[in-house]
Amino acid sequence: MHDLRALRADPEAFDAALARRGLPAVAGAIVSRDEQRRAALHALQMEQAARKTLARDIGLRKKSGEQTSDLEEKAVALRDKITALEAQATAVDREIADMLARLPNLLDEGVPDGADESDNVTVKQFGTRREFAFTPKQHFELGEALGMMDFSTAAKLSGSRFTVLRGALARLDRALGQYMLDVHTDEFGYSETVVPLLVNDDAMYGTDKLPKFAEDSFRTEDGRWLIPTAEVPLTASVAGEILDARQLPIRMTALSACFRSEAGSAGRDVRGMLRQHQFSKVELVSVVSPEESEAEHERMTRCAETVLERLEIPYRRQLLCAGDTGFGAARTYDLEAWLPGQEAWREISSCSNTRAFQARRMNARYRAAEGIAFVHTLNGSGLAVGRTLIAVMENYQEADGSVAVPEVLRPYMGGLASITT
């Protein structure tokens, strides 16, 4: 959500910021509607003052025994006028709120211009791509040959974009999630949290998933939503709160199932488990003061990078350009892992600073030295478990189709060093 006062103060700057995302000018229309709202509120205040005066005059007449029918007729007409003005002001207020709710966050000045992912900027790169003495396979080829990755049974049970994992691959998936949680809680101070997988409209709206991304999420018949990421319940846990400055920063993490309809992704990544309706992810969320948010963004991204470095997965950090930065983000880093089976870099984590954008939507504030102010919220994957499983399988595969288990995961795998048939 945007600050309407800031928009009114400099509508040209607001439109220029949106233009970086390829959006048309809207500030004039919003300011015009706001002027109508303010005019209605002013008229309402005038009529309410007149009603008070009229009520006083009616009272005085009654005390003196005078007839009041003419004044009472005026009072009825005034009441109806006030009701109409209240309805008008409310309707315009809702219209403005809806207009603002559909606009993305304003980008950080350091975000590079660009139309799509081809214009993203590589900030750093870690690791050396492994040289294979054989042609590396993709994860689904490896998983099916091991008999531990079953897409046909998943399709029978649920349809496309689901996977059944079995045996050592299922345990490796679990090991990855547990390892990530241990790193983020024991070393980086995130508080482990178990969150609901179903949330209400307010939680989705506050974390900028509604109304923009309704079609990307699954909704139950009773009107709740399956979470697209644990970011939603973790961030929304501070909705409506006024936090003490001493409580900040708040750092939370959760390993949860996530659900996405993948609307608009027909034909993309149809084989394998890169793009699923259901997947697991370790989410990182921070709630901080505005002064801390830029440093926290770097810290969060480093936390996610550390997991990849410990797993010895080659990756690169990308600063997303204007056209590729998500709706709620002011600035985003993507971490892309190298997948030798695909011979491609694929996103495995996305860490975003939304600044006060989500906080305004959910009215999350704190007591700053200068008074009550909105917090800043950040979110990131630490990491997407399924995609990390893919990266491990493809980077640790052997010529015989087996998959070596990274050293750091072996304690979580009962000492198992290699996954074989």
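Not measured: the values here are computed from a predicted model. Every chain's residues receive numbers from 1 upward, in the order its sequence appears when written. Only residues with pLDDT of at least 70 get local features here, since the model is predicted, and only at 80 or more are side-chain atom pairs given and counted; chain-wide, interface and lining totals rely on the full set of residues. Each side-chain value is worked out from all heavy atoms of the structure, with water and hydrogens disregarded.

### Concerning the overall build of the protein
Next up, step 1: Along the protein, the regular secondary structure elements total twelve helices and 17 strands.
Next up, step 2: A principal-axis box enclosing the C-alpha atoms of the protein has dimensions of 105 × 45 × 45 Å.
Next up, step 3: Only protein chains enter the accessibility calculation, which uses a 1.4 Å probe; a residue is then buried when its area is under 20% of its type maximum, exposed when over 50%, and partly exposed in between. By residue count, 49% of the 421 residues in the protein fall in the buried class.
Next up, step 4: Across the protein, contacts joining residues at least 24 apart in sequence account for 73% of those joining residues at least 6 apart.
Next up, step 5: When the accessible surface of the protein is summed, it comes to about 19700 Å², and 49% of that surface belongs to carbon and sulfur atoms. Helix and strand assignments follow DSSP, with helices taken as H or I runs no shorter than four residues and strands as E runs no shorter than two, numbered in order from the N terminus. Whether two residues are in contact is decided by their heavy atoms, any of which lying within 4.5 Å being enough. Surface exposure here means Shrake-Rupley accessible area, sampled with a 1.4 Å probe, where a residue is shielded only by the protein chains that are shown.

### Focus: unusual backbone geometry
Among all residues except glycine, the phi angle is most often negative; among peptide bonds, the trans geometry is most common.
Next up, step 1: The omega torsion of the bond from Leu210 to Pro211 falls at 0°, within 30 degrees of zero and hence cis.
Next up, step 2: Looking at the element boundaries, Pro211 is found in the loop between α8 (201–206) and β6 (225–226).
Next up, step 3: Omega for the peptide link from Leu248 to Pro249 comes to 0°, which places this bond in the cis form.
Next up, step 4: When you line up the elements, Pro249 lands in the loop between β7 (242–244) and β8 (250–259).
Next up, step 5: At Glu312, a position not held by glycine, the phi torsion is positive, near 60°.
Next up, step 6: Located in the positive-phi region is Arg355, a residue other than glycine, with phi close to 55°.
Next up, step 7: Tracing the backbone through its elements, the reader meets Arg355 in strand β12 (residues 344–355).

### Focus on the nonpolar core
Next up, step 1: The criterion is simple. A nonpolar core is a set of buried Ala, Val, Leu, Ile, Met, Phe, Trp, Tyr and Cys residues joined through side-chain atoms within 4.5 Å. In terms of nonpolar packing, the biggest core is built from 50 residues, with Leu169, Leu172, Leu176, Ile313 and Ile419 touching the most fellow members.
Next up, step 2: When residues in this core are grouped by element, the largest group, nine residues, is from helix α7 (residues 167–187).
Next up, step 3: Apart from residues no more than four positions distant in its own chain, Ile313 is found in contact with Phe126, Leu308, Ala337, Ala391, Val392, Asn395 and Tyr396.

### A few points about the UniProt feature "coiled-coil region" (unreviewed entry) in the protein
Next up, step 1: UniProt positions are given in the numbering used here, feature names are shortened, and annotations may be inferred rather than shown by experiment. Mapped onto this numbering, the UniProt entry annotates "coiled-coil region" (unreviewed entry) at residues 68–95.
Next up, step 2: Secondary structure across residues 68–95 comprises 96% helix and 0% strand; the distance between its end C-alpha atoms is 40 Å.

### Here's the deal with helix α10 (residues 293–311)
Next up, step 1: Between its terminal C-alpha atoms α10 stretches 28 Å, which fits the 27 Å expected from 19 residues at 1.5 Å a residue.
Next up, step 2: Buried within α10 are the following residues: Ser293, Glu296, His297, Met300, Thr301, Cys303, Ala304, Glu305, Thr306, Val307, Leu308 and Leu311.
Next up, step 3: Positive phi appears at Glu312, one or two residues downstream of α10, with a value of about 60°. A helix is expected to span 1.5 Å for every residue after the first.

### Side note on the sheet that holds strand β13 (residues 365–368)
Next up, step 1: Only strands joined by at least two bridges in the DSSP assignment are considered to pair. Spatial strand order, β7-β13-β14: three strands in an open sheet with mixed pairing. The outermost strands of the open sheet, each flanked by one partner alone, are β7 and β14 (371–374). Averaged over all pairs of adjacent strands, the angle between their axes in this sheet comes to 40°, without regard to strand direction.
Next up, step 2: Where β7 lies against β13, three bridges are found, and the strand directions are parallel. Across the sheet, Asp244 pairs through a bridge with Arg367, a residue of β13. Fitted lines through C-alpha atoms give the axes, limited to the stretch in contact for helices. The angle between two N-to-C directions lies from 0 to 180 degrees.

### Remarks on the sheet that holds β12
Next up, step 1: If you walk across this open sheet you meet the eight strands as β1-β10-β11-β12-β15-β9-β8-β4, and the pairing is mixed. Of all strands in the sheet, those bounded by a partner on one side alone are β1 (121–126) and β4 (191–192).
Next up, step 2: By the bridge criterion, seven bridges tie strand β9 (residues 278–288) to strand β15 (residues 376–384) in an arrangement that is antiparallel. Directly across from Ser286, in β15, lies its bridge partner Leu378.
Next up, step 3: Where α7 meets the sheet, its contacts fall on β4, β8, β9 and β15, and the angle it forms with β8 comes to roughly 165°.
Next up, step 4: Strands β1, β8, β9, β10 (315–319), β11 (331–339), β12 and β15 of the sheet are contacted by α10, whose axis makes an angle of about 5° with β15.

### Description of the environment of Met1
Next up, step 1: Tracing the backbone shows Met1 in the segment before α1 (4–9).
Next up, step 2: Residue Met1 is classed as buried on the basis of its relative accessible area of 15%.
Next up, step 3: Those residues in contact with Met1, other than ones at most four positions away along the chain, are Ala97, Leu100, Ala101, Tyr205, Phe357, Arg360 and Arg361.

### Considering empty space enclosed by the protein
Next up, step 1: Cavities and pockets were defined on a 1 Å grid built from protein atoms only: a cavity is a group of points that admits a 1.4 Å probe but offers it no way out, a pocket is an open group of points flanked by protein on both sides within 12 Å along at least five of seven lines, and a lining residue is one with an atom within 4 Å of any such point. Grid points are joined across faces, edges and corners, and a volume is the space filled by probe spheres set on the points. The tally for this structure, following the rule as stated, stands at one cavity of 30 Å³ or more.
Next up, step 2: Counted as a void, the largest cavity has a volume near 40 Å³.
Next up, step 3: Around the largest cavity sit Leu274, Ala337, Leu339, Arg346, Glu347, Ile348, Arg387 and Ala391, which together line it.
Next up, step 4: Of all the elements in the fold, those that place two or more residues in the lining of the largest cavity are β11, β12 and α12 (385–395).
Next up, step 5: Per-element accounting of the lining of the largest cavity gives the leading share, three residues, to β12.
Next up, step 6: All residues other than Ala, Val, Leu, Ile, Met, Phe, Trp, Tyr, Cys, Pro, Asp, Glu, Lys and Arg, Gly among them, are scored as polar; the first ten of these are nonpolar and the last four charged. For the lining of the largest cavity, the class distribution of residues is five nonpolar, no polar and three charged.

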